[in-house]
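Architecture and fold: a report
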Amino acid sequence: MLCNHVRKGSSAPKETFMISLLARLFIKNHQDTKNPNVRQTYGILCGALGIGLNLLLFAGKFAAGFFSHSIAVTADAFNNLSDAGSSIITLIGFRMAGQKPDPDHPFGHGRIEYISGLLVAVIILLMGFELIQGSAAKILRPEDLTFSPAVLIILAVSILVKCYMYLYNCRLGKRLDSAAMLATAADSLSDALATTLVLAATLTAHFTGLHIDGWCGVLVGLFICWTGFNAAKDTISPLLGQAPDKEFVRQVNEIVMSHQNVLGIHDLIVHNYGPGRILISLHAEVPADGDILTLHDMIDRIEHQLRDALDCHAVIHMDPVCVNDQETNRLKSLVLGYLEEISPRLTMHDFRIVAGPTHTNLIFDVAAPYDFPLQDSELIQAINQRIQQENPGFCAVIEVDKQYTSERS
């Protein structure tokens, strides 16, 4: 999406003057955007403002299109009417997403916001297809356009209003991490471009006599479809369960590893049930010879620290690992070197050895990315072969895990 160039974790953008003023008037603690109630009120406020502005634009453009006989202006008017419907969906989506958890939905209703964003994207696509169809007919049967300064003023004002709507939806969408608002922002930007092309077509017809009204309508329709496709992609991804943000993963690692008795972490999984409703689980390696009560107290403190710092619920599993056995440490370093030779993208955890009368088992888990070129069975075979080339008395017992955090997040 066009306004997603600012990554999560960067400084939060400020809302526009009007939204800032309305927020101070109608939203208690409006700076606390992590608060679900504040977040919900922002969504309702922006949705209501969008409905009002789009209805005014529809009325003005419809009148301008009717009197000027311009299919592009009329189509643009109905596009604004659909935008009013999109704002209603966004408003309802925020309202429903803010509902408290219940027995049937213990993780809340936050993903409704993603669904509302997807519905907005579908509406954008439908309007794009309708505009292309109407514009194609206009190319085959062109009509003379009636030039009017009032039409030009209406179109120019519409462009400015849509740019403003893009600005506040984009800024608040990034600040609230709202897929629905970002979809609405993309729609507003496409509308601004669409109206600019309509204005260009009107001026061209008046000053040159060329009828490019239909062609401009087709271009606008194609751009609207492209915007709708990107908006749908950005809302479907979190619904399917996308990899967590790289900055969020870095912060989790930094907090957990800041504790002295944590030797390493793995199997980090981030469950996103909507903005402000994140659950994480991970395995933390701790010394096997440590005091169990002391280690358990440390894990409890880490879970509370993650909750306070990252606004998430954390569940941590302790994995005891041997740290003071020289032979275990030697063999672990040996195997890590072999994995590095196969691919630097491989990591290892839960390493232990079980010695027997005829051979020694090296038992460990290997974490591989989803796009790793080798199948799990091929990877296990490659590691075993590399180990036994120099250590025929060793046999590797390997479990392959997948990395739930993306290297490209």
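Residues numbered from 1 in each chain as written. Predicted model: local features only at pLDDT ≥ 70, side-chain atom pairs only at ≥ 80, totals over all residues. Heavy atoms only, no water.

Brief notes about the overall build of the chain
Note the cut-off: Helix and strand assignments follow DSSP, with helices taken as H or I runs no shorter than four residues and strands as E runs no shorter than two, numbered in order from the N terminus. Three exposure classes are used, based on accessible area relative to the maximum for each residue type with a 1.4 Å probe and protein chains only: buried under 20%, partly exposed in between, and exposed over 50%. Residue contacts follow a heavy-atom distance rule, with two residues in contact if any of their heavy atoms lie within 4.5 Å. Where accessible areas are quoted, they stem from the Shrake-Rupley method and a 1.4 Å probe; at the residue level, only the protein chains shown are allowed to cover.
When helices and strands are tallied, the chain shows 11 helices and six strands. Counting all 409 residues of the chain, 45% fall into the buried class. Here the contacts in the chain between residues at least 6 apart in sequence split such that 69% fall between residues at least 24 apart. Total accessible area on the chain stands at roughly 20600 Å², and carbon and sulfur atoms take up 62% of it.

Some points on the side chain of T328
Secondary-structure assignment places T328 in helix α10 (residues 326-342). Accessibility expressed as a relative area gives 6% for T328, which makes it buried. T328 has contacts with C322, F351 and I353, leaving out every residue within four places of it along the chain.

Structural notes on the sheet that holds strand β2 (residues 278-287)
Using the following cut-off: At least two DSSP bridges between two strands are required for those strands to pair. Each axis is a line fitted through C-alpha atoms, and for a helix only the stretch in contact is used; angles between axes span 0 to 180 degrees, taken between their N-to-C directions.
Here we have three strands laid out as an open sheet, ordered β1-β2-β3, and mixed in their pairing. What marks the edges here is a single partner per strand, and that holds for β1 (264-272) and β3 (312-321). The average angle at which neighbouring strand axes cross in this sheet is 15 degrees, direction not considered. The sheet contact formed by β1 and β2 spans seven bridges and is antiparallel. Looking at the pairing, H266 lines up with H283 of β2. Its contacts with the sheet place helix α8 (residues 246-257) against β1, β2 and β3, and it is angled at close to 135 degrees to β1.

As for the confidence of the model for the chain
Basically, it comes down to this: Each residue gets a pLDDT score, which is the predictor's confidence in that residue and runs from 0 to 100.
Counting all residues, the mean pLDDT for the chain is 81, and 90% of those residues have values of 70 or more. For the stretch residues 5-12, pLDDT sits under 50, and the model shows 10 contacts to residues farther than four places along the chain or on other chains.

Some words on the sheet that holds strand β4 (residues 347-355)
Pairing in this open sheet of three strands is mixed, and the strands run β4-β5-β6 from one edge to the other. Of all strands in the sheet, those with a lone pairing partner are β4 and β6 (394-402), marking the two edges. Ignoring strand direction, the axes of neighbouring strands in this sheet form an average angle of 15 degrees. Across seven bridges, the pairing between β4 and strand β5 (residues 360-368) is antiparallel. Across the sheet, R352 pairs through a bridge with I363, a residue of β5.

Brief notes about the pairing of β6
What counts is decided by this rule: A right-handed crossover is one whose linking path, passing over the helix from the first strand to the second, runs clockwise when the strands point away from the viewer.
Pairing of β5 with β6, which is carried by nine bridges, proceeds in the parallel orientation. Note on β6: the bridge partner recorded for A367 is D401. Handedness of the crossover joining β5 and β6 through helix α11 (residues 376-390) is recorded here as right-handed.

A few points about a nonpolar patch on the surface
Applicable threshold: Excluding any residue in a salt bridge, patches collect residues exceeding 30% relative accessible area, merging like charges within 9 Å and nonpolar Val, Leu, Ile, Met, Phe, Trp and Tyr side chains within 5 Å. Note on definitions: salt bridges are taken to be side-chain nitrogens of Lys or Arg within 4 Å of carboxyl oxygens of Asp or Glu.
A contiguous nonpolar patch, built from L55, F62, F66, F67, F78 and L81 and spanning about 600 Å² of accessible area, is present on the exposed surface. Counting only elements with at least two residues in the nonpolar patch, the list comes to α2 (36-68) and α3 (71-97). With four residues, α2 is the single largest residue contributor to the nonpolar patch. Within the secondary structure, F62 sits in helix α2.

As for the environment of T196
Put simply, the test is: Under this definition, polar contacts are N or O atom pairs within 3.5 Å; protein pairs additionally need one hydrogen-donor-capable and one acceptor-capable atom, and for neighbouring residues in sequence, both atoms have to be side-chain atoms.
Relative to the elements of secondary structure, T196 occurs in helix α6 (residues 179-208). Spatially, the C-alpha atom of T196 lies 9.2 Å from that of S158, the residues being 38 residues apart in sequence. A distance of 2.7 Å separates a polar side-chain atom of T196 from the backbone oxygen of A192.

Remarks on the pairing of β3
Pairing of β2 with β3 involves 10 bridges; the strand directions are parallel. Among the inter-strand pairings, H283 is bridged to a residue of β3, identified as H317. Handedness of the β2-helix α9 (residues 292-310)-β3 crossover: right-handed.

Comments concerning the environment of P369
With respect to the helices, strands and loops of the structure, P369 is situated in the loop between β5 and α11. Since its relative accessible area comes to 5%, P369 is described here as buried. Sequence separation between P369 and R345 is 24 residues; the distance between their C-alpha atoms is 7.4 Å.

What about α10?
The line we're drawing: To estimate the expected span of a helix, count its residues, drop one, and scale the result by 1.5 Å. Our arc is simply the arc of the directions from the helix axis toward the C-beta atoms.
Given a rise of 1.5 Å per residue, 17 residues ought to cover 24 Å, and the 25 Å separating the end C-alpha atoms of α10 matches this to within 8%. All buried positions along α10 are accounted for by T328, L331, V335, Y338 and L339. Looking down the long axis of α10, one finds its buried residues gathered within 100 degrees of arc, a one-sided arrangement.

A short note on the packing of α10 against α11
Applicable threshold: For classification purposes, an angle smaller than 35 degrees is called roughly parallel, one larger than 145 roughly antiparallel, one from 65 to 115 roughly perpendicular, and anything else oblique. The sense of a crossing depends on the near helix, which, turned anticlockwise from the far helix by less than a right angle, makes the crossing left-handed and, turned clockwise, makes it right-handed.
Remark: α10 packs on α11, axes separated minimally by 10 Å, with the N-to-C direction vectors making an angle of 125 degrees. It follows that α10 is oblique to α11 by the angle criterion. Crossing hand, α10 versus α11: right-handed. Contact residues: α10 offers V335, Y338, L339, E341 and I342, while α11 offers L379, A382, I383, R386, I387 and E390.

Some words on unusual backbone geometry
One non-glycine residue, D311, adopts positive backbone phi at about 55 degrees. Secondary-structure assignment places D311 in the loop between α9 and β3. Assessed through its relative accessible area of 32%, D311 is described here as partly exposed. If you check the backbone angles, D350 has positive phi at about 55 degrees while not being a glycine. As for its position among the elements, D350 is in strand β4.

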